[in-house]
Amino acid sequence: MRRGSITIYLSMILLSTLLLISIVAESARLNVVRTESKGYTYMAGDSVLAGYARQVYDEYGILLVWEATPLKEQLKKYIQANINMADLNKSGTNFMTTKLTDIQINKVGYVCDEGGDLFTKQIVSYMKYSEVAKQAEKLMNLFEKENLEKDKNSEHVTEVIDTNGSKDVMSDKVQQITEKIEKLKKKKIVLSTVRDKEKFQKKIEQIIKLIRDYREEKKEFLMENNISYSDDYMDENLIILEQIKDMIEGEKLNDSTNNTDAKLLREKIKKQIEKLTVYIPSEEDESNKNIYESAKELLDKGILSLVVEETDNISNTKIQHSNLPSDFIEYKKKDVTDALKNKTMLCLYSGEKFGNYMHSKKGNYLSYEQEYIICGNDDDRSNFAGTIEKIVGIRNVETLACLITDKEKQAEISAIALSASTVLGLPMLEPIIKVVLNEAWAFAEAINDAKLLVKGESIDIIKKKNNWNTSLKNLLKSSGKGTSGGKTVDYEQICKLLILQKKEEEISYRIMDLIQFNISKKYNPEFKMIKCYQEIKFNAVYETVPLFAAMPWVAQNKKSGPESYKYSIDCHVKY
């Protein structure tokens, strides 16, 4: 009995010891399995990101993965491959007994999501190692000095004159008034009788009525075109004629031809008539009118044909792609300072990686890539034309400011405006013609500066009197170069300034467009940036079969089957 009790006792001790060893071994195995599974999960995530688009990195320094195969399938493949390597498929050696049951994708950081933030951050990081800090500072300083807002008041100033038919009626009235005043000046004044007085008074009243009608139509014309009222010589003539009328009505004339009062009245009226203003156009006036007409024609012409002489050489490449990143652009509210810093880096990056009209990148889809970032149109020609228009618009502000402060040029403009309004028979148009001449001359100077830029020359940032190159009599003829020894800017710098005008998201998404164009053309026609990502978050779910012992306190809440443990691993990887 005693020996049997000892045997039973020792058996229980041995069983307990074996159970304890099994539990300890199973716990250790589970910890190892979970650690290994975590390693497999992160290796799978890293392996997916390791499959980055090599051509994009080589050409643009950007790391991203093109989702040619569904992400879930890729992760399963990499995780399962690691599990299979651990499970050696030999009896008695498989300690993992693990399988992947599910993968839940929580987030995929596509480059087109959230305003292109991930993409922009990569470019900013890339540019930090490109020795561009000094360039960035220079560009930001240049941006602050250059006024990039086009003066809206300088647009289409000729529409006031060209779009209202009432000007022809007014011109006819001015001609009638002028003819009657000329006759009045030449004709002898006879006021001997009451009948003579009434006849003369009737002529004066006819002219007064014509001038008043002209004034009413002029007032209406100016109001319709949002122009402030301004006096002209017809207003002065009206005052004089009304004074003559009052003089005739105020005097009681006798029928006697020798009446002294009648003679004195005639002398007074004669002097007043001599004060009446009548402009008879001269050859010089006609010439000045032609200058005005040339100015109007210049403002109506297409800018591109004025800047580039051989427009046939301009690229006409059109965009044939669909699903462009810019089709899915998202805007986010950002700090102004951070946005400017990011835009500066994006701008410098575009200057380093993409071509323009002056220096196109050989083999790329578009010839004018920086111009595409600026305008975003569907073809090279439109993007180049739009960029030139913006350059001329910016420069026009500078040239107009310089012109308005130049007293000599303003005196020349005033003289020509007076002559042109005389020939047109519309004296009230003199101030408007001055505006047209100012804008046309400033516009011509801006066109000339743009010409210099596309020829590869630099121009002064600030337009000054000593670097003015055009004349009012021949607006499109240049007489010099655009620099006077001060701080200058060239075409590529102007393009960068125009890119800085854009919103951060617009710059970022259009850069993505260009990358898609070029990678599709050179390497893979199916490549789409909207399918590219730079960050993934996912959850991998595993099941492990008990090996040394089944522990109910472990499997109680986590088992998916009668003899397995279930657990999950969260993973977040990004570039």
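Reading the values: rules and limits
Residues numbered from 1 in each chain as written. Predicted model: local features only at pLDDT ≥ 70, side-chain atom pairs only at ≥ 80, totals over all residues. Heavy atoms only, no water. Helix = DSSP H or I, 4+ residues; strand = E, 2+ residues; numbered from the N terminus. Buried < 20%, exposed > 50% of the residue type's maximum accessible area, 1.4 Å probe, protein only. Expected span 1.5 Å × (residues − 1). Polar contact = N/O pair within 3.5 Å; in protein donor to acceptor, adjacent residues only side chain to side chain. Salt bridge = Lys/Arg side-chain N within 4 Å of Asp/Glu carboxyl O. pLDDT = per-residue confidence, 0-100. Contact = heavy atoms within 4.5 Å. Lys, Arg positive; Asp, Glu negative; His and termini not counted. Axes fitted to C-alpha atoms, helices over the stretch in contact; angles between N-to-C directions. Parallel < 35°, antiparallel > 145°, perpendicular 65-115°, else oblique. Left-handed = near helix turned anticlockwise from the far one by under 90°.

**Q** I'd like to hear about unusual backbone geometry, residue by residue, with values.
**A** For E114, which is not glycine, the phi dihedral falls at a positive 55°. With respect to the element layout, E114 can be found in the loop between β2 (98-110) and α4 (117-128). Taking relative accessible area as the criterion, E114 reaches 41% and is therefore assigned partly exposed.

**Q** Which residues make up helix α13 (residues 336-353), and what are the values?
**A** The end-to-end C-alpha distance of α13, which contains 18 residues, comes to 25 Å, matching closely the 26 Å that a straight helix rising 1.5 Å per residue would cover. Looking only at α13, the buried set comprises A339, K343, T344, M345, L346, C347, L348, Y349, S350 and K353.

**Q** So what's going on with the side chain of T98? Residues and values would help.
**A** In this fold, T98 is placed in strand β2. At 3.0 Å, the side chain of T98 forms a polar contact with the side chain of T544.

**Q** How would you sum up the pattern of salt bridges? Please name residues and give values.
**A** All chains considered together, the criterion is met by 16 salt bridges. Between R54 and D58 there is a salt bridge, with the nearest N and O atoms lying 3.5 Å from each other. Of this pair, R54 and D58 both sit in helix α2 (residues 54-60), four residues apart, roughly one helical turn. For the salt bridge of R212 with E242, the shortest nitrogen-to-oxygen distance reads 2.5 Å. Of this pair, R212 sits in helix α8 (residues 194-224) while E242 is found in helix α9 (residues 233-250), placing the two residues 30 residues apart along the sequence. For E242, a relative accessible area of 25% gives the class partly exposed. Three or more residues joined by partner-sharing salt bridges are found here, namely R395, E445, D449 and K463.

**Q** Which residues make up the confidence of the model for the protein, and what are the values?
**A** With 84% of its residues at a pLDDT of 70 or more, the protein has an overall mean of 81. In the model of the protein, helix α6 (residues 159-162) stands out as the element of lowest mean pLDDT, 43, in contrast to helix α14 (residues 369-375), which has the highest, 96. Confidence drops under a pLDDT of 50 for residues 145-165, and excluding neighbours within four residues, the segment shows 44 contacts in the predicted structure. Predicted confidence for residues 556-560 stays below pLDDT 50, and this span has six contacts to residues more than four positions away or in other chains.

**Q** Describe the side chain of E506, listing the residues and the values that go with them.
**A** Tracing the sequence through the fold places E506 in helix α19 (residues 504-522). Buried within the structure, E506 lacks any salt-bridge partner; its nearest side chain of opposite charge belongs to K502, at an N-O separation of 4.0 Å. A polar side-chain atom of E506 sits 3.3 Å from a polar atom in the side chain of Y331. In this structure E506 touches I329 and Y331, once residues within four positions along its chain are discounted.

**Q** Please provide a residue-by-residue account of the packing of α13 against helix α18 (residues 491-501), values included.
**A** Running from N to C, α13 and α18 cross one another at 140°; their axes reach a closest spacing of 9 Å. Taken together, the axes of α13 and α18 lie oblique to each other. For the element pair α13 and α18, the recorded crossing hand is right-handed. Touching L340, K343, T344, C347, L348, S350 and G351 of α13 are K496, I499, L500 and Q501, all from α18.

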